[in-house]
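So the chains spell out like this:
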Amino acid sequence: MSRFDEIAIVATAQTPARRRYPDSEASLLLDLTNQLLAETRLPRSAVDFTIAGSCDYLSGLPFAFVSNVDGFGAWPPVYESHVEMDGAWALFEAWVRLQVGDIDVALIAGSGKSSPGTPREIFPLQTDPYYAAPLGLDPVSVAGLQARALLDAGLATERDFAAVVARSRRAALTNPNAQVAKDVSIEALLAEPYFASPLRKHDLPPISDGAAAVLIARGKRARELTDKPVWIRAIDHRIDSHHLGLRDLTDSPSTRLAARGVGVHAGPLDVAELCVRYSPEEIVLRRALELKDDTPVNPSGGPLSGHPVMATGLVRVIEVANRIRAGGARRGLAHAASGPALQQNLLCILEAA
Amino acid sequence: MSSLPSLAYTLEYPYTRTTGPVVGAFLTGLRDGRLLGIRCGRRVLCPPLEYDPETGASLAPDFVEVGPGGTLLSWTWIAEPTRKHPFQEPFAFALIRPDGADSAVCHAVKASGPEALRTGGRVRTQYRAERKGAITDLYFAPEAEAEAQYVPPGKGAVELTEHLISLTYSEPLAPHRERFAKGLLAGKFIGQRSPASGKVYLPSKGYDPIERVRMTERDDVVVADTGTVVAFTVITPVQYYGQKETEPYIRASILLDGADQPLGQQDIRTIPVAEFRTGLRVRAVWKSAAERSVLEVDNRWGGTGAVIERWEPTGEPDVPFEQIREHNW
Amino acid sequence: MAERCAVVGIGQTKYARRRGDVSLEGLVREAALRALEDAHVGWQDLDAIVIGKAPDALEGVMMPELSLCDALFAVGKPIHRVHTAGSVGASTAISAATLVESGRYQTVLTLGYEKQSDGNATWALGGGRSGSQGAGGSFAPWIRNYIQRSGAPEHVGWKVAVKDRLNACKNPYAHLQMPDITIEKVKESPLLWDPLHFLESCPSSDGAAAMVLTNAEGAKRAPRPPAWVIAHAKRTEFSQFPGRDTVKPAAGVDCAKALYQKAGITNPRKQIDVAELYVPFSWYEPMWLEGHLICEENEGWKMTDAGETELDGAFPVNPSGGVLSSNAIGASGMIRCLEAASQVRGTAGAYQVDGAKVALGHAYGGAAQYFAMWIVASDPEPRYRGSR
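Residues numbered from 1 in each chain as written. Chains lettered and ligands numbered in written order. Predicted model: local features only at pLDDT ≥ 70, side-chain atom pairs only at ≥ 80, totals over all residues.

Undergrad: What am I meant to see in the overall build of chain B here?
TA: A count of helices and strands for chain B gives three helices and 20 strands. Over its C-alpha atoms chain B spans a radius of gyration of 30 Å, topping by over 25% the 20 Å that the globule rule assigns to 329 residues. Along the first, second and third principal axes, the C-alpha atoms of chain B reach 80 × 45 × 40 Å. When burial is assessed residue by residue, chain B has 45% of its 329 residues classed as buried. For chain B, the share of sequence-separated contacts (at least 6 apart) that also reach a separation of at least 24 residues comes to 61%. (Helix = DSSP H or I, 4+ residues; strand = E, 2+ residues; numbered from the N terminus. Rg over C-alpha atoms; globule rule 2.2 N^0.38 Å. Buried ≥ 20, exposed ≤ 12 C-beta atoms within 10 Å, placed from the backbone. Contact = placed C-beta atoms within 7 Å.)

Structural data, given as structure tokens:
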């Protein structure tokens, strides 16, 4: 990756994940944009490229993303784009765009309000429209299939799932942006009834509203804007087959490919923030990433503690970046996922100067 | 939080999907009580794909009947089915490898309970009494619980499959929208004046997007209910699912006196087209207080149609085009 | 350091009101396979895939990169999906071009599509509610304003409608084939959104369009002359704000200025040989000629009226038949970019503009607030007419 320009995160901003925000998504983005500009003392016009991630179907309105432009500011007119994906993929596109070399500063955001709709009824629309969507095949059910596959293969136990939840929710106690944070014992979790066996309700993410944004800049410009740039050393994303019947749900080949692409183990990893939406996903990801047992995973609590869909992946990047800026880590991994049972995976290596 | 009820809005459409030859053959099979796979090199893929996933090459339509028995590769017992699931009482989703196939189908299994299921267990295809050439025609049951069925084949090939998608969304009114709605009930247009620019927004979104500042109740202002037509078209309604309009009507934007941007989506049905023009001065005639409703007002849509009886000309001279040239939203 | 980007393969589906013979996968594969064939590359040669389309509610399929990745042989690769309303096809082409220009990926497949017959575009454009004004209902008032500002005679719109449909008769992929269309027929067709007549409005189509993009090294292996991407630009403004000019949006002017500056174009009217402009409703031809600084204010309709935008005119616009002849919304912007590339490659067949070396591909979307445009040329370093 060394033939590419150095690009750093120079400022981050996120809303706490909440069950429901009375504010519009655009209002949340307006606040975050103002925060980033204030922190870097930049006028809006100094941002060369803006790109957002969001999903119309979450809001229930075709073209819902158009309103979000109000949040970033688009007067005078701006160079901007949008992906109907998590903000982490917007970050990918911004990183690529800056590599062209003619512009220096980009604003990236991800946002979503899951509160107005019923996510379990909306997400089946991500599946094959002929073979799966009419069955209402939802991600919780698919996660259940993945969980059972792990149990059957002897790669995990229900206790392992509960341990992920207990650790995540306890870690969230120190995260002011988390929605669900509590100290709960593995035994108490295992005593709960199944919801989508072998998953229990706590193995699922909460329903959240929220937004997140970052400002990135090229080398010299980054150093002008902050004395604590967090360098994006590498970024890669890959996808697995959509057809569950062709996949081995106990593994994540796309994560392995992306891991090779970013050189996950080219250096020590001090922290990993993974998009663990369902507790078994942590087991799959740890294996695919070949993480050492002592690598801290999701000290923020992860998506199990707050899941602002379309921002969740970008929040993982932010959590790693913030930890590095605070001196708690030198090199970290952020992961974003999209689709049922970790179908698509994005990895990002961040490093202190 | 809002004291007005949340508007629950349903986004609903009965999609009709053309299937193409491969999906079509599969769904025709289901309608006729048969499970089909497609040959792909030495493998048989079920459900069938149009291409070889290993090479991307298009596959010849070489279909093979598979099942009716199959093996459970994985399963999950759904304790609380959603309204969109194939069954409304607990059931399982599963990955099932039909006998004769080399891949697995993800589908629903109707069983007496989770105790009837285990990985490696045997299941059998079952078909709904009423089939329409859709994936929902099929389900599975454990071998021991499966019913013997006679499935009469239908006529012709399935080339179209229906999928009704219906999603309901509901959120409380944001504070500024609630005040706007209450203003409508009181026969007033409440906009907001930006503390940064002094511009009056109606309806307001709760912020000034140009100066990027949030607005609060302090910024609320009452805007006159007289104004100037700045833009319009005459809509001839096109019929589509959910369309209630049948007769042509004018849809206009009105720049109310005191507002800095036009109020759009005002439907005019009482002023003849020949008498309607940009520059026309109009006033709102409100419904009686008892008849006004803001049930259609949510965080995005104005819904003034249920509080305003009609717009009528004031009789004042037209505003010259040059003065409203730029207000053309 | 930026790499050059070239279009080395193009592929389209036959556009139609309903492509009853294909599934969604079949539709996108049809365009993709044609583009791969045109470029003489195989699925395995693609390093990344970028798809784009308009709102998912048009087909009722959410985030379709997830369910289409297998059909596009994207498993194991990066695939992402752009969504910028009606301009999306061009935004997607630009996104793919930057993947190549960044040096990160060498060969990229980009594709835009829509299968509107599965759902209903008017329903979707109205947010699923009764009383949808569709796209035409949104633009009609602004068209009325343009006519008032410019003093243009009413027949200008009808002329555009006839020109584009007759051009489409030379395009085997076009949805509408109307060899018998006349000014009279357009004038007499019903008023859908006053002042727009039915025959001045775009159809609703199923279709997909794809391109294979690669860098200079990849372009050396192309079987046909490449179309070099010289410059691209995007600009966005709010849909509504006090004093917004919806008729000649500032974002459209800014986008054109940025594009021409990057391309080194100082006189677009003379230095661009052919333009594929996003004209879904007839009057947008003169409006974009002015709105993108190809001519002065109030002169756009005169260019159209004088026949300058005909296939054999001084500034041909939409020789392919344009959006007025085929409109699968997610594909339409990509088609403009693809047809511009086709012109400078000399592969436009019966609607080839003689000697076209520099072409403009353009799209707009939303409340005429999103703009995405590119310039392609037969020469990687084009020498423009009359430049220093």
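Undergrad: Where do I start with the interface of chain C and chain A in this structure?
TA: The accessible area lost on association of the parts is a frequent measure of interface size. Contact residues are listed per partner, giving 48 residues for chain C and 47 residues for chain A. Looking at the side of chain C that touches chain A, the elements that each hand over two or more residues are helix 2 (65–68), strand 3 (79–82), helix 3 (88–101), strand 8 (227–236) and helix 9 (250–263) of chain C. Among the elements that line the side of chain C that touches chain A, the one with the most residues is helix 3 of chain C, at five residues. Of the residues that constitute the side of chain C that touches chain A, the class distribution is 22 nonpolar, 16 polar and ten charged. (Nonpolar A, V, L, I, M, F, W, Y, C, P; charged D, E, K, R; others polar.)

Undergrad: I'm lost on the domain arrangement of chain B in this one. Help?
TA: Each assigned domain of chain B is listed with its residue range as follows: domain 1 (20–158) and domain 2 (173–324). Averaged C-alpha coordinates put domain 1 of chain B and domain 2 of chain B at centres separated by 53 Å. (Domains from an automatic or database assignment.)

Undergrad: Help me out: how do you make sense of the packing of helix 3 of chain C against helix 13 (residues 329–345) of chain C in this one?
TA: Residue and element names in this part refer to chain C. It is at 5 Å that the axes of helix 3 and helix 13 come closest, and there the two elements cross at 60°. One way to sum up the angle between helix 3 and helix 13 is to call them oblique. Facing Val88, Gly89, Ala90, Ser91, Thr92 and Ala93 of helix 3, the residues of helix 13 in contact are Gly330, Ala331, Ser332, Gly333, Met334, Ile335, Arg336 and Cys337. (Axes fitted to C-alpha atoms, helices over the stretch in contact; angles between N-to-C directions. Parallel < 35°, antiparallel > 145°, perpendicular 65-115°, else oblique.)

Undergrad: How should I be thinking about the sheet that holds strand 3 (residues 43–45) of chain B in this particular structure?
TA: Note on sheets: strands pair through backbone hydrogen bonds, and any given pair is parallel or antiparallel. Residue and element names in this part refer to chain B. Spatially, the three strands line up as an open sheet ordered 3-2-4, and their pairing is antiparallel. At either end of the open sheet lies a strand with only one pairing partner, and these are strand 3 and strand 4 (63–66). Neighbouring strand axes in the sheet, compared pairwise and without regard to direction, differ in orientation by 45° on average. Across the sheet, helix 1 (residues 20–31) touches strand 2 (35–40) and strand 4, and the angle it forms with strand 2 is around 150°. (Pairing = 2+ DSSP bridges.)

Undergrad: So what exactly am I meant to see when it comes to the interface of chain C and chain B here?
TA: Contacts between the two partners involve 45 residues from chain C, matched on the other side by 42 residues from chain B. Broken down by secondary-structure element, the contributors of at least two residues to the side of chain C that touches chain B are helix 1 (24–39), helix 4 (121–125), helix 5 (134–150) and strand 5 (191–193) of chain C. Broken down by element, the side of chain C that touches chain B gets its largest block of residues, seven residues, from helix 5 of chain C. Per-class residue counts for the side of chain C that touches chain B are 17 nonpolar, 17 polar and eleven charged.

Undergrad: Got a minute to help me understand the environment of Phe91(B) in this structure?
TA: Residue and element names in this part refer to chain B. With respect to the helices and strands, the residue Phe91 is situated in strand 6 (residues 91–98). Counting along the chain gives 15 residues from Phe91 to Thr76, while the straight-line C-alpha distance between them is 8.4 Å. In this view, Phe91 contacts Ile78, Pro81, Ala108, Val109, Lys110 and Ala111; residues no more than four positions away in its chain are not counted.

Undergrad: Any chance you could explain the sheet that holds strand 11 (residues 189–193) of chain B here in plain terms?
TA: All names here are of chain B. The strand order across the open sheet formed by three strands is 12-11-15, and the pairing between neighbours is antiparallel. Two strands lie at the open edges of the sheet, namely strand 12 (200–201) and strand 15 (220–223), each paired on one side alone. With four bridges joining them, strand 11 and strand 15 adopt antiparallel strand pairing. Bridged to Gln192 within strand 15 is Asp220. Lying on the sheet, helix 2 (residues 175–185) is in contact with strand 11 and strand 15; it crosses strand 11 at an angle near 145°.

Undergrad: Help me out: how do you make sense of the packing of helix 7 (residues 158–171) of chain A against helix 11 (residues 279–289) of chain A in this one?
TA: All names here are of chain A. Packing of helix 7 against helix 11 leaves a shortest axis separation of 8 Å and a crossing angle of 100°. Judged on the interaxial angle alone, helix 11 and helix 7 are roughly perpendicular. Within the contact between the two elements, helix 7 uses Asp160, Phe161, Val164 and Val165 and helix 11 uses Ser279, Pro280, Glu282 and Ile283. Of the residues assigned to the contact of helix 7 with helix 11, the class counts are five nonpolar, one polar and two charged.

Undergrad: How should I be thinking about the nonpolar core in this particular structure?
TA: One broad rule of soluble globular proteins: the nonpolar side chains tend to lie buried together. Ile108(A), Ala109(A), Ala213(A), Val214(A), Ile216(A), Val28(C) and Val376(C) are the most contacted members of the largest nonpolar core, which has 365 residues in total. Non-local contacts of Val376(C), meaning those with residues more than four positions away in its chain, are made with Val7(C), Ala227(C), Trp228(C), Val229(C), Ile230(C), Ala340(C), Ala341(C), Val344(C), Ala359(C) and Gly361(C). (Core = buried A, V, L, I, M, F, W, Y, C linked by C-beta atoms within 7 Å.)

Undergrad: Even after reading the chapter, I still don't get helix 6 (residues 139–152) of chain A, so can you show me in this structure?
TA: Owing to its 3.6 residues per turn, the α-helix brings residues three or four apart onto one side. The end-to-end C-alpha distance of helix 6 of chain A is 20 Å, a good match for the 20 Å that 14 residues give at a rise of 1.5 Å each. Gly154(A) occupies a position one or two residues after helix 6 of chain A and carries a positive phi of about 70°. (Expected span 1.5 Å × (residues − 1).)

Undergrad: Could you clarify how one ought to interpret the confidence of the model for chain C in this entry?
TA: Mean pLDDT for chain C: 97, with 99% of residues reaching 70 or above. With a pTM of 0.98, the predicted complex shows an ipTM of 0.98. (pLDDT = per-residue confidence, 0-100.)

Undergrad: Honestly, the pairing of strand 7 (residues 105–109) of chain B in this entry has me stumped. Any pointers?
TA: Two faces belong to every sheet, and in a regular strand the side chains alternate between them. In terms of burial, strand 7 of chain B is largely enclosed, as five of its five residues are buried. Count of turn residues in the strand 6 of chain B/strand 7 of chain B antiparallel hairpin: six residues, of which Gly100(B) carries a positive phi of about 95°.

Undergrad: Would you take a moment to explain the pairing of strand 7 (residues 206–214) of chain C for this structure?
TA: Residue and element names in this part refer to chain C. Of all nine residues making up strand 7, nine are buried, and the element is well covered by its neighbours. Burial along strand 7 is two-sided: Asp206, Ala208, Ala210, Val212 and Thr214 and Gly207, Ala209, Met211 and Leu213, pointing in opposite directions, are all buried. Here strand 1 (residues 6–12) pairs with strand 7 via six bridges, running antiparallel. Looking at the pairing, Gly11 lines up with Ala210 of strand 7. Note: strand 4 (residues 108–115) against strand 7, eight bridges, orientation antiparallel. Note on strand 7: the bridge partner recorded for Tyr113 is Ala208.

Undergrad: I would appreciate a short explanation of the environment of Ala35(C) in the present structure.
TA: Residue and element names in this part refer to chain C. Mapped onto the secondary structure, Ala35 falls in helix 1. Given 26 C-beta atoms within 10 Å, Ala35 falls into the buried group. In the structure, Ala35 is positioned 254 residues away from Leu289 in sequence and 30 Å away in space, judged by C-alpha atoms. Once residues lying within four places of it in the same chain are set aside, the contact partners of Ala35 are Gly9, Ile10, Gly11, Leu109, Ala210, Met211 and Val212.

Undergrad: Any chance you could explain unusual backbone geometry here in plain terms?
TA: With glycine set apart, most residues show a phi of negative sign, and most peptide bonds adopt trans. All names here are of chain A. The peptide bond linking Ser197 to Pro198 adopts the cis configuration, its omega dihedral lying at 5°. Residue Arg41 is not a glycine yet carries a positive backbone phi of 55°. If you trace the backbone, Arg41 turns up in the loop between helix 1 (25–40) and strand 2 (49–53). A count of 8 C-beta atoms within 10 Å places Arg41 in the exposed class.

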